[in-house]
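Below are the chains, spelled out letter by letter.
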Amino acid sequence: MSTEAPPKTYRVESFGCQMNVYDGERMGEMLSERGIAPAADGEDADLVVLNTCHIREKAAEKVYSRVGRLTKAGRKAGKQPLIAVAGCVAQAEGEEIMARSPAVSMVVGPQAYHRLPEMLELAVAGGRATDTDMPAIAKFAALPPRNAGGRKSAPAAFLTIQEGCDKFCTYCVVPYTRGAEISRPFSDLVNEAQKLVEAGAKEITLLGQNVSAWSDEDDKGRAVGLAGLIRALAKVDGLARIRYTTSHPADMDDALIAAHGEIEKLMPFLHLPVQAGSDRVLKAMNRSHTVDSYLRLLERFREARPDLALSGDFIVGFPGETDAEFDETLKLVDAVGYAQAFSFKYSPRPGTPAATMEGQVAMEVMDERLQRLQAALNRDQHAFNQASVGQTCQVLVERKGKHEGQWLGKSPWLQSVWFEGDCAIGDLVQAELMEAGPNSLAGRVLIPAHAT
Ligand code: SAH
Ligand code: SF4
Ligand code: F3S
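Basis of the calculations
- Residues numbered from 1 in each chain as written.
- Chains lettered and ligands numbered in written order.
- Predicted model: local features only at pLDDT ≥ 70, side-chain atom pairs only at ≥ 80, totals over all residues.
- Heavy atoms only, no water.
- UniProt positions renumbered as here; feature names shortened; annotations may be inferred.
- Pairing = 2+ DSSP bridges.
- Helix = DSSP H or I, 4+ residues; strand = E, 2+ residues; numbered from the N terminus.
- Contact = heavy atoms within 4.5 Å.
- Axes fitted to C-alpha atoms, helices over the stretch in contact; angles between N-to-C directions.
- Near = heavy atom within 4 Å.
- Polar contact = N/O pair within 3.5 Å; in protein donor to acceptor, adjacent residues only side chain to side chain.
- Nonpolar A, V, L, I, M, F, W, Y, C, P; charged D, E, K, R; others polar.
- Domains from an automatic or database assignment.
- Expected span 1.5 Å × (residues − 1).
- Buried < 20%, exposed > 50% of the residue type's maximum accessible area, 1.4 Å probe, protein only.
- Salt bridge = Lys/Arg side-chain N within 4 Å of Asp/Glu carboxyl O.
- Parallel < 35°, antiparallel > 145°, perpendicular 65-115°, else oblique.

Per an unreviewed UniProt entry, the recorded name for the chain is tRNA-2-methylthio-N(6)-dimethylallyladenosine synthase, and the organism is Qipengyuania marisflavi. Database annotation for the chain, UniProt heading Subcellular location (unreviewed entry): "Cytoplasm". Here the chain is described in UniProt, under the heading Catalytic activity (unreviewed entry), as follows: "N(6)-dimethylallyladenosine(37) in tRNA + (sulfur carrier)-SH + AH2 + 2 S-adenosyl-L-methionine = 2-methylsulfanyl-N(6)-dimethylallyladenosine(37) in tRNA + (sulfur carrier)-H + 5'-deoxyadenosine + L-methionine + A + S-adenosyl-L-homocysteine + 2 H(+)".

In structure tokens form, the structure reads like this:
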């Protein structure tokens, strides 16, 4: 055991979903709170947190190769960084990582990262620590407020409202890496949203593996679901936009559908993963919805909010998926007309039921299906963007563009919009959408923020 100097700088590298990014931010905030500064771009950090994702193949391999590169760079620089492995790979394969990788001195799961500072003390003293416990929501109470020490938030911020998943889709590791569904308390969420707004956030995306399952009592003791929470957050002064992701088709209630028609701050965007277009495949996936129930649900959302932009997730090549069943996925895509979507090749995950199912689909077949699906999704995304041309909307300015005076923001439909003008990050500008590309639009500012 050798003692190291306490780290002065850190870097958190997040590899996963938005909840993983949120966790990465919170770990960073905790480290900053203890006087450790984020390393500058391109600079070696004294402490590196690999915030991993386990959702698809090669997750653990990626960790080992990153650790290998970090130790090699450390040898060159004459100083090894402290390495912590966090996130869902830590949860699933933490012990193995500790055994195989002596350069890793901390392994911490997604529900235990509030303990990172104590683990760090041990690591600095030359020890090694693993914590993959899943205490019910204990971590949030132990984290510093979002605006602690005058910390600033990005204009578009994340807020985890719900953890875990009870759905057990047969392909998915999340119920094992994140544990059971737990809702964070209503008052904590309103409070965290207020702090984020005080820190500069204009838009908040409510996060969870299954946000539509969120429930608690509101400040008046009434049982509320996601719609009730959104209504309460819409009253937070200075918060201009609310989004949520990801929801499951089985938990969408009437109140949430109505909220889309009634709450102006709730953006006209819905990410509702369907995964496949064949009822047989959906059943084998344990998805609990059918193609028809999914389409009918979307119809109701569109009635409440006719300009709603739709997004989804798809898996091609689930075990046993035939060519004809895959064609049904294409048919579903045609029927919906998604504004954007994510699509993946099925990846067998250790310990999940689908990994040992018969009829695993050959890689070449999955490649070909993915290509065809993505061509259809890209076509629809481009069409959606083209149909937006001529619209006037508010754009939230998120960052500077490549050229002087150029900015990138998001439309209410989550499209990236480039434009030129006199504004600042965090402004909400009124813009006309002028020209559509496959992935973004060019806009023209009509009313800058300071004139409104
Ligand atoms: N809780 C969310 C998101 C889960 S992970 C939901 O249920 O919608 C994000 C996406 O990854 C899933 O929607 C699914 O499309 C994809 N995914 C999950 N497990 C996968 C696997 N084993 N192989 C390929 N894609 C997978
Ligand atoms: Fe995974 Fe299904 Fe839960 Fe989503 S709903 S996290 S895909 S088990
Ligand atoms: Fe990945 Fe864990 Fe998110 S497995 S997708 S980081 S919940």
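After presenting the structure, the write-up continues.
Trainee: In this structure, what is going on with the sheet that holds strand S1 (residues 9–14)? I would like to understand it.
Mentor: The strands making up a sheet associate through hydrogen bonds between their backbones, and the pairing can be parallel or antiparallel. On the basis of which strands lie adjacent, the open sheet formed by six strands has the order S2-S1-S3-S4-S5-S6 and parallel pairing. Each edge of the open sheet carries a strand with a single partner, namely strand S2 (37–38) and strand S6 (129–131). The sheet contact formed by S1 and strand S3 (residues 47–52) spans five bridges and is parallel. By the bridge assignment, Val-12 is partnered in S3 with Val-49. Each of S3, strand S4 (82–86), strand S5 (104–108) and S6 is contacted by helix H4 (residues 116–124), which is oriented at about 165° to S5, the strand it contacts most.

Trainee: I tried to follow the site of ligand 1 on my own but got confused; where do I start?
Mentor: Around ligand 1 there are 15 residues in total, and Gln-209, Pro-273, Gln-275, Asp-313 and Ser-347 lie nearest to it. Take Tyr-171: an N or O atom from its main chain is 3.0 Å from a nitrogen atom of ligand 1. Residue classes in the shell around ligand 1 are distributed as six nonpolar, four polar and five charged. Lining the shell around ligand 1 are residues from two domains, each supplying at least three of them: domain 2 (152–267) and domain 3 (273–388).

Trainee: Explanation requested: helix H1 (residues 18–33) in the structure shown.
Mentor: In an α-helix, one full turn covers 3.6 residues, which means residues spaced three or four apart are oriented alike. When the terminal C-alpha atoms of H1 are compared, their 22 Å separation across 16 residues agrees well with the 22 Å that a helix rising 1.5 Å per residue should span. Those residues of H1 that sit buried are Met-19, Asn-20, Tyr-22, Asp-23, Gly-24, Arg-26, Met-27, Gly-28, Glu-29, Met-30 and Leu-31. Backbone geometry just downstream of H1 places Gly-35 in the positive-phi region, at approximately 85°.

Trainee: Sorry if this is basic, but what is going on with the pattern of salt bridges here?
Mentor: Pairs may arise between side chains of opposite charge once their charged atoms sit close together. What the rule picks out here adds up to 32 salt bridges. In this structure, the salt-bridge partner of Glu-29 is Arg-26, at a minimum N-O distance of 3.1 Å. Here the residue Glu-29 and the residue Arg-26 both occupy positions in helix H1, the gap between them amounting to three residues, near one helical turn. What makes Glu-29 buried here is its relative accessible area of 7%. A salt bridge links Arg-178 to Glu-163; the nearest nitrogen and oxygen atoms lie 3.3 Å apart. On the criterion of sequence distance, the pair formed by Arg-178 in the loop between helix H6 (174–177) and strand S9 (182–183) and Glu-163 in strand S8 (residues 162–163) is long-range, its members being 15 residues apart. An identical accessibility class is assigned to Arg-178 and Glu-163; each is buried. A network of salt bridges, in which partner residues are shared, links Glu-25, Arg-26, Glu-29, Arg-146, Arg-184 and Glu-192.

Trainee: Would you explain the packing of helix H8 (residues 226–234) against helix H9 (residues 254–262) in this entry?
Mentor: Packed helices, taken two at a time, are described by the angle between their axes plus the distance between the axes. Where H8 contacts H9, the axes come no closer than 8 Å and their chain directions differ by 30°. The orientation of H8 relative to H9 falls into the category roughly parallel. Every residue of H9 that contacts H8 at Leu-226, Ala-227, Ile-230 and Arg-231 is listed here: Ala-255, Leu-256, Ala-259 and Glu-262. Its residues assigned to classes, the contact of H8 with H9 comprises six nonpolar, no polar and two charged.

Trainee: For this particular structure, what's the right way to read the site of ligand 2?
Mentor: Ligand 2 sits among Cys-165, Lys-167, Phe-168, Cys-169, Tyr-171, Cys-172, Val-174, Pro-175, Gln-209, His-248 and Arg-287. When the residues that make up the shell around ligand 2 are grouped by side-chain class, the tally is seven nonpolar, two polar and two charged.

Trainee: What is the right way to look at unusual backbone geometry in this model?
Mentor: Comment: phi is negative for the bulk of residues other than glycine, and the bulk of peptide bonds are trans. A cis amide bond links Thr-245 to the next residue, Thr-246, at an omega of 0°. Mapped onto the fold, Thr-246 is located in the loop between strand S13 (241–245) and H9. At Ser-288, a residue that is not glycine, the phi angle is positive and equals roughly 65°. Relative to the helices and strands, Ser-288 is located in the loop between helix H10 (279–284) and helix H11 (291–304). The phi dihedral of Leu-414 falls on the positive side, at around 65°, and the residue is not glycine. Within the secondary structure, Leu-414 is located in the loop between strand S18 (406–410) and strand S19 (416–420). For Leu-414, a relative accessible area of 26% puts it in the partly exposed group.

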